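Residue-level structural notes
Letter by letter, the chains look like this.
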Amino acid sequence: LEFRRVLFRSFVSFNRVMTGNTDILPTNTEISTLTLTLYIVATIFALPPVTRIFADGIGRRKTIIVAGLLFAIAMATQASAASISYPASKYVLWTGRALLGIPVAFSITTSPMFLSEIAPKAHRGFITGLFQFALNLFLAIAGGIGWAISSTHRDSDNAYQYSVWWMVPVGV
């Protein structure tokens, strides 16, 4: 419980979105469900029969473009949850998290295929390995940016929004 207080102390707007009150912390079940929503949707859309529909149907390049647009929409949906009154805000946040699972799945399944198809044969392994390295590097950078924003805007009612809105242009 103390860890949750420390962790969510700086996300005043997140607490308001999830509970309707800036002083009430979300329950462990709510936090776990919110986190798992993204992974469950991503797992479903990463299944080969589902990925094949998009990657083979509209092409890998277009699937990656659609993933970028969906990423921007999902992040904007999550960020806008802080501007909506409770309890609708909680469901808007969950919708954004669920929607985020789709571009995550498309990105991790289709991008390596596309890269291996366009890369010169001699550099194929290096380029696809570089994709995995860059993915992990930018996940760490995104986490650092989120932490920095929440640390500098500790008492702001909009800290959660700030930590999400900066990602919208990245998706576009």
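The structure we're discussing is the one just above.
The rules behind these values
- Residues numbered from 1 in each chain as written.
- Predicted model: local features only at pLDDT ≥ 70, side-chain atom pairs only at ≥ 80, totals over all residues.
- Heavy atoms only, no water.
- Axes fitted to C-alpha atoms, helices over the stretch in contact; angles between N-to-C directions.
- Helix = DSSP H or I, 4+ residues; strand = E, 2+ residues; numbered from the N terminus.
- Parallel < 35°, antiparallel > 145°, perpendicular 65-115°, else oblique.
- Left-handed = near helix turned anticlockwise from the far one by under 90°.
- Nonpolar A, V, L, I, M, F, W, Y, C, P; charged D, E, K, R; others polar.
- Core = buried A, V, L, I, M, F, W, Y, C linked by side-chain atoms within 4.5 Å.
- Buried < 20%, exposed > 50% of the residue type's maximum accessible area, 1.4 Å probe, protein only.
- Phe/Tyr/Trp six-rings, centres within 6.5 Å; stacked < 30°, edge-to-face > 60°.

Looking at the packing of helix α5 (residues 60-80) against helix α6 (residues 88-118)
Two numbers describe how α5 lies on α6: the axes approach to 8 Å, and their chain directions differ by 155°. The angle between the axes of α5 and α6 places the two elements in the roughly antiparallel class. Regarding α5 and α6, the two cross each other, and that crossing is left-handed. Its residues assigned to classes, the contact of α5 with α6 comprises 16 nonpolar, eight polar and four charged.

Observations regarding the nonpolar core
Phe 14, Val 17, Met 18, Leu 34, Ala 81, Ala 82, Val 92 and Leu 93 together form the largest nonpolar core, which totals eight residues. Elements supplying a minimum of two residues to this core: α2 (12-19) and α6. Top contributing element to this core by residue count: α2, with three residues. Formed by five residues, the second largest nonpolar core is a distinct cluster that contains Ala 67, Leu 70, Ile 102 and Phe 106.

Section: the packing of aromatic side chains
Evaluated as defined, the whole model comprises four aromatic pairs. Arranged with centres 6.5 Å apart and planes meeting at 40°, the rings of Phe 45 and Phe 54 form a pair that is tilted. Note on Phe 45 and Phe 106: the rings are 6.1 Å apart at their centroids and 80° apart in plane angle, and the pair reads as edge-to-face. Here Phe 45 is found in helix α3 (residues 28-46), whereas its partner Phe 106 is found in helix α6, with 61 residues between them in sequence. For Phe 106, a relative accessible area of 2% puts it in the buried group. Through successive ring pairs, a cluster of aromatic residues spans Phe 45, Phe 54 and Phe 106.

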